[in-house]
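# Coordinates in review
For reference, the chains in residue letters:
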Amino acid sequence: MLTAIIEAAGAREAVLFSFGERPSLLTSVDAQGFALLPEPASIPLLPRHVHTLTAAAGPVLLNSSTYDVFLSSNGNVAPELFKCICPLKVRGKLAGVVALGRRPGDAVYEEDALDALQLLGNYVALAIQNHTLSQTLAQRVSENLRLLASLHGFYDNALEAFASAIDVKHVNIHGHSLRVGRYSQAIGEALGMDANDVSSLRSAGYLHDIGKVAVDRRLFEKPSSLDPQELREMKDHTVVGHQIVSHVQFPWPQIPEIVRWHHERGDGSGYPDGIRGDETPLAVRIVGLADAFDAMTSERPYRERLTVGSTLQELIRLTPQKFDADAVHALLIQIRRDAVGSNPIPVLEPDLLDLSPTGVDELAATLQHKLSHGRTYLT
Ligand SMILES: [Fe+2]
């Protein structure tokens, strides 16, 4: 457009400004021909400048007595560079300005040049307004994304606090929900899930046991097995938790089903609904695995904790019947990364890691062997 204007008006130098109202400012969008023009060039405008530019019927020739009428000299470019300006208006409002510099041989802009400029100005005005609108829109979108990110940060902190509150009932489950959140996140990341799905997994991990707030505290301290009545109360934490979170509008819609189904198993032997693995979403299977992994590697009143190595062996023994093979494999990947020290923030607490990278590789080979039903493939 600027090239067309330069040709039509016979100019050697020209600049196209867009106008923004808050603050009242002309900002260059493009310039041609000027030897030294800051990029972007900007000229703040006083209300009287905006008024005269808006009131101008068409292109205006500038001279030493009119510079100050239309432009301020408070910007990073001197108004004296411009010999002619054409205010760009859309529905009577200032959208921008085309400013022409010198002509070849410093000739004056004549009537026909001003007419051509006025004609083109109408089209340029619409284009510049579109440009400004899309920039404003892009700015708003990025502001909204920033707000959303801070909202997610707030959610994370609130859910972490919740996770700690869920686990206060007994010393043996302290930190359980936070760890399940961390393990679920790690598994999702190793599976290449996108950031939002990973956040969903972490939050679901934090909240998966929220129903335990309704379970009698004595059940967590009982050194022997639970009787049938107590077992039912304990198992009900899935349904109670589901009732609690179903009424909350989370940014992640899978949270209620994860809370309800995190004790379901692939072969239908889990609770509360006895559904099978292929009926549950992957996110549910991931949190279920993370939960089982943390339960087995933590001490309970009725048993010692298992080592990470024996826990993984046991989980592999139960895969794919009870646990999801991809999720177990992803967990192995993260534990191997811990073992070689390549995770910036380790997934496992330091005193838990008792496996070498080779140990993890052997477990992965066992899992692979099991999934291929003992067949080996040569490539
Ligand atoms: Fe649970």
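Residues numbered from 1 in each chain as written. Predicted model: local features only at pLDDT ≥ 70, side-chain atom pairs only at ≥ 80, totals over all residues. Heavy atoms only, no water.

Take the side chain of arginine 300 next. Counting through the fold element by element, arginine 300 comes out in the loop between α11 (282-296) and α12 (308-317). Buried within the structure, arginine 300 lacks any salt-bridge partner; aspartate 294 is the closest side chain of opposite charge, at an N-O distance of 5.2 Å. Aside from chain neighbours lying at most four places away, what touches arginine 300 is Asn172, Ile173, His176 and Ala295. (Helix = DSSP H or I, 4+ residues; strand = E, 2+ residues; numbered from the N terminus. Buried < 20%, exposed > 50% of the residue type's maximum accessible area, 1.4 Å probe, protein only. Lys, Arg positive; Asp, Glu negative; His and termini not counted. Salt bridge = Lys/Arg side-chain N within 4 Å of Asp/Glu carboxyl O. Contact = heavy atoms within 4.5 Å.)

For helix α9 (residues 237-246), every residue scored as buried is listed here: His237, Thr238, Gly241 and Val245. One face of α9 carries all of its buried residues, which in axial projection span an arc of 95 degrees. Next to the buried residues of α9 lie α8 (228-235) and α10 (255-261). (Arc of directions from axis to C-beta.)

This brings us to the coordination of the iron ion. Looking at the metal site, the iron ion is ligated by Asp209 (OD), His237 (NE2), His262 (NE2) and His263 (NE2), spaced 2.1 to 2.4 Å from it. Coordination at the iron ion comes from four donor atoms whose angles at the metal span 82 to 172 degrees, giving a geometry best classed as irregular. Positions of the donor residues of the iron ion along the chain correspond to the pattern D-x27-H-x24-H-H. One end of the pair, aspartate 209, is in the loop between α6 (195-207) and α7 (218-221); the other, histidine 237, is in helix α9, and 28 residues separate them in sequence. (Donors = N, O, S within 2.8 Å, 3.2 Å for Na, K, Ca; no water. Tetrahedral: all angles 85-135°; square planar, octahedral: opposite > 155°, others 65-115°.)

By the definition in use, this model includes four aromatic pairs. Considering the side-chain rings of phenylalanine 17 and phenylalanine 82, the 6.0 Å spacing of their centres and the 90 degrees angle between planes classify their relative orientation as edge-to-face. Of this pair, phenylalanine 17 sits in strand β1 (residues 14-20) while phenylalanine 82 sits in the loop between α3 (67-70) and β5 (84-90), and the two are 65 residues apart along the sequence. There is no split in this pair, since phenylalanine 17 and phenylalanine 82 are both buried. Here the aromatic residues Phe17, Phe34 and Phe82 are joined through ring pairs into a cluster of three or more. (Phe/Tyr/Trp six-rings, centres within 6.5 Å; stacked < 30°, edge-to-face > 60°.)

The omega angle of the peptide bond from glutamate 39 to proline 40 is 0 degrees, so this bond is cis rather than trans. Here the amide bond leading from threonine 319 into proline 320 is cis, since omega sits at 5 degrees, within 30 degrees of zero. Phi is positive for aspartate 106, close to 55 degrees, though the residue is something other than glycine. Tracing the backbone through its elements, the reader meets aspartate 106 in the loop between β6 (93-100) and α4 (111-166). Overall, the relative accessible area of 54% leaves aspartate 106 in the exposed class.

Here the focus is helix α1 (residues 2-9). Among all positions of α1, only Leu2, Ile5, Ile6 and Ala9 are buried. All buried residues of α1 project into a common sector of 100 degrees when viewed along the axis, lining one side. Where α1 is buried, its residues touch β1, β2 (25-32), β6 and α4. Glycine 10 sits one or two residues past α1 and shows a positive phi near 65 degrees.

The strand order across the open sheet formed by six strands is β3-β2-β1-β6-β5-β4, and the pairing between neighbours is antiparallel. Lying at the two open borders of the sheet, with one neighbouring strand each, are β3 (42-44) and β4 (60-61). Here β1 runs beside β2; their pairing, made up of seven bridges, is antiparallel. The residue bridging valine 15 from the neighbouring strand is alanine 31, located in β2. Packed on one face of the sheet, α1 meets β1, β2 and β6 and runs near 75 degrees to β2. Helix α2 (residues 47-55) contacts β1, β5 and β6 of the sheet and is inclined by roughly 85 degrees relative to β5. (Pairing = 2+ DSSP bridges. Axes fitted to C-alpha atoms, helices over the stretch in contact; angles between N-to-C directions.)

What follows is about the packing of α1 against α4. Their axes nearest at 8 Å, the elements α1 and α4 cross at an angle of 160 degrees. Put simply, α1 runs roughly antiparallel to α4. In the packing of α1 onto α4, the handedness of the crossing is right-handed. Where α1 abuts α4, its residues Ala4, Ile5, Ala8 and Ala9 lie against Ala113, Ala116, Leu117, Leu120 and Val124. Broken down by class, the residue content of the contact of α1 with α4 amounts to nine nonpolar, no polar and no charged. (Parallel < 35°, antiparallel > 145°, perpendicular 65-115°, else oblique. Left-handed = near helix turned anticlockwise from the far one by under 90°. Nonpolar A, V, L, I, M, F, W, Y, C, P; charged D, E, K, R; others polar.)

Read these as spatial facts, not as claims about activity.
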